[in-house]
2 protein chains.
Amino acid sequence: MKISELSRRTGVPVASIKYFRREDLLPAGRATAATLAEYGEEHVQRLRLIKALTTLGGLSIAATRDVLAAVDQAESTDKTLEAISYALPVPVTAASAGDADRDAEAESAAEADVAGLIEAMDWQVPDTSPHVRGLTMALRELRRLDADYRPERLVAYAELARSIARLDLERAAAFDDSPALAEQAVIVLALSGPLLELLRRLAQEDQVRRRGAL
Amino acid sequence: MKISELSRRTGVPVASIKYFRREDLLPAGRATAATLAEYGEEHVQRLRLIKALTTLGGLSIAATRDVLAAVDQAESTDKTLEAISYALPVPVTAASAGDADRDAEAESAAEADVAGLIEAMDWQVPDTSPHVRGLTMALRELRRLDADYRPERLVAYAELARSIARLDLERAAAFDDSPALAEQAVIVLALSGPLLELLRRLAQEDQVRRRGAL
DNA sequence: AAGACTAGATAGTGGCAGTATCTTCTTAGG
DNA sequence: CCTAAGAAGATACTGCCACTATCTAGTCTT
């Protein structure tokens, strides 16, 4: 199909399709002449995936490129899952310096909290994992706010997080080595977060309303 | 204290403090002269909260303003919780049109899924809730991708979301009408999402590694 | 042969989150 | 008393991002 039809079928403007091409989110069409190319169903599907990852998953164009690169370089199920897991951006990246003493204290306390949690959960993750660093930064910020996230509380959340991860992985890995694996895996790994967040917010709203009704 | 000290203690540049003032995220200091004002501990705390909401919570300046406004207008516990719940932005807002038939089908199917879920969970939320609309949009996108989120699967996630919301609300409401209520509530309601996401990602990483090791 | 498309390159736009500058004023130290 | 060092508030500027538009050269359709 021609680019105008690709645009029509996906609802993505032609200029945006070209932009995604430039940014390497979308493979080139099969060139039939110097100024003409033919696109297929794989392009339609890829554009749908791009839209889902950016609008639903909230990924930047750069992050989407990394994730899609992991999808395209799929070797084995395990390698694919790992690549996607690392390609997904870690929410919480920056931070800044304030009171030096208070900061240093919060930092080391947060590190201890994370180490303790990983120990308690028997999680096998390296200290260098971006998720570990992200969690450390998050706990440091919460400590600065004097928010009460004690170990046992953290463990309660972590247990639920583990349950969710189990649900996700069951689904992501159920497509063993089939060609659809990588795409389904990326959908599950990248989009179950936002979905869960929405469900959590709904559950929160329900409980707030029930409180109000008492 | 003067603005330079406020800046030093929080690590926020003076220009940014002024920016937050302009955007009404931060109350004015107590003016002692035409070009001089005095800031207090409440400003330090507020700046910490702003930083946490924007960096950790990922809120925009506009969303942060709305949330803080809800905090400042705290009346009763219930009203405060409700106001914060609605002030928090719903992840997933936009979408676009593509194939008309497929879209209409996905839309109504998503609406039915959401209605069924709310029924199954016995959630008391109005159809007009932004969370309901957000969830509908999310499910529509997932349908477009042919992702397999059947009702029973959705319910499994929803049950976990409910457990998390219970943990959150227990904490948010434990500060009954104390002056610290609103701030602790906003921390719990706005920041437990990113924290949970980090824990989920860690749990995911752990499980991916264990698979690989088999 | 004309008009509608197209690929790819390059340039422009709008929104966001700051950051910098400018003017007018205050005040502490010499 | 005078002056240098801030400070307040207004306005302007910057950098990044995700598009969006334009331009050139080439192709297909009737």
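Before reading further, recall that the structure is shown in the block above.
Residues numbered from 1 in each chain as written. Chains lettered and ligands numbered in written order. Predicted model: local features only at pLDDT ≥ 70, side-chain atom pairs only at ≥ 80, totals over all residues. Heavy atoms only, no water.

Enquirer: Now, about the overall build of chain A: what can you tell me, with residues and values included?
Expert: In terms of helices and strands, chain A carries 9 helices and 2 strands. Shown N-terminal to C-terminal, the secondary structure of chain A runs as helices and strands in the order α-α-β-β-α-α-α-α-α-α-α. Its C-alpha radius of gyration of 21 Å places chain A more than 25% over the 17 Å reference for a compact globule of 214 residues. Reported as C-alpha extents along the three principal axes, the dimensions of chain A are approximately 65 × 45 × 40 Å. Per-residue burial for chain A yields a buried fraction of 50% across its 214 residues. Of all intrachain contacts in chain A linking residues separated by at least 6 positions in sequence, the fraction that spans at least 24 positions is 62%. Summed over its atoms, the accessible surface of chain A is roughly 9500 Å², and 51% of this surface lies on carbon and sulfur atoms. Averaging the locations of the 27 positively and 34 negatively charged side chains of chain A gives two centres separated by 9 Å. (Helix = DSSP H or I, 4+ residues; strand = E, 2+ residues; numbered from the N terminus. Rg over C-alpha atoms; globule rule 2.2 N^0.38 Å. Buried < 20%, exposed > 50% of the residue type's maximum accessible area, 1.4 Å probe, protein only. Contact = heavy atoms within 4.5 Å. Areas by Shrake-Rupley, 256 points an atom, 1.4 Å probe, with all protein chains shown as cover. Lys, Arg positive; Asp, Glu negative; His and termini not counted. Charge placed at Lys NZ, Arg CZ, Asp CG, Glu CD.)

Enquirer: An account of the environment of Leu167(A) is needed here, citing residue identities and associated values.
Expert: Inspection of the secondary structure puts Leu167(A) in helix α8 (residues 151–172). When near neighbours in sequence (up to four residues on either side) are disregarded, Leu167(A) contacts Ala156(B), Tyr157(B) and Leu160(B).

Enquirer: An account of the interface of chain A and chain B is requested, with residue identities and associated values reported.
Expert: Facing the 92 residues of chain A at the interface are 91 residues of chain B. Across the interface of chain A and chain B, roughly 8700 Å² is buried in total on both sides, 63% from carbon and sulfur atoms. A per-residue breakdown of the area chain A buries against chain B is headed by Leu145(A), Tyr157(A) and Arg201(A), which together make up 9% of the total. One can count 6 salt bridges joining chain A with chain B. The closest approach of N and O atoms between Arg210(A) and Asp122(B), which form a salt bridge, is 3.4 Å. Counting every contact that joins chain A to chain B gives 34 residue pairs in polar contact (both at pLDDT 80 or more). Of all elements in the fold, only α1 (3–10), α3 (41–56), α5 (77–87), α6 (100–121), α7 (130–144), α8 and α9 (181–213) of chain A reach the threshold of two or more residues within the side of chain A that touches chain B. The leading source of residues in the side of chain A that touches chain B is α9(A), at 25 residues. (Buried area = accessible area lost by both parts, 1.4 Å probe. Salt bridge = Lys/Arg side-chain N within 4 Å of Asp/Glu carboxyl O. Polar contact = N/O pair within 3.5 Å; in protein donor to acceptor, adjacent residues only side chain to side chain.)

Enquirer: Could you give me a rundown of the protein's contact with DNA strand C, with the residues and numbers involved?
Expert: Around DNA strand C, the surrounding shell holds 20 residues, and the nearest of these are Ser4(A), Leu36(A), Tyr39(A), Ser16(B) and Arg22(B). Atoms of DNA strand C within 4 Å of the protein belong to the sugar or the phosphate in 70% of instances, the rest to bases. A distance of 3.2 Å separates a base nitrogen of DNA strand C from a polar side-chain atom of Lys18(A). Secondary structure elements with two or more residues in the surface near DNA strand C: α1, α2 (14–22) and β2 (36–38) of chain A together with α2 (14–22) of chain B. In terms of residue count, α2(B) provides more of the surface near DNA strand C than any other element does, 4 residues in total. For the surface near DNA strand C, a count of residues per class yields 11 nonpolar, 5 polar and 4 charged. (Near = heavy atom within 4 Å. Nonpolar A, V, L, I, M, F, W, Y, C, P; charged D, E, K, R; others polar.)

Enquirer: Describe the pattern of salt bridges, and please don't skip the residues or the numbers.
Expert: All names here are of chain A. Under the defined criterion, the tally for this structure stands at 36 salt bridges over all chains. Linking Glu5 and Arg8 is a salt bridge whose minimum nitrogen-to-oxygen distance equals 3.8 Å. One end of the pair is Glu5 and the other is Arg8, both in helix α1 and 3 residues apart, which spans about a single turn. A residue is classified by how much of its surface remains accessible, and Glu5, at 33% relative accessible area, is partly exposed. Residue classification places Arg8 among the exposed positions, given a relative accessible area of 57%.

The quantities given are spatial measurements derived from coordinates; they are silent on function.
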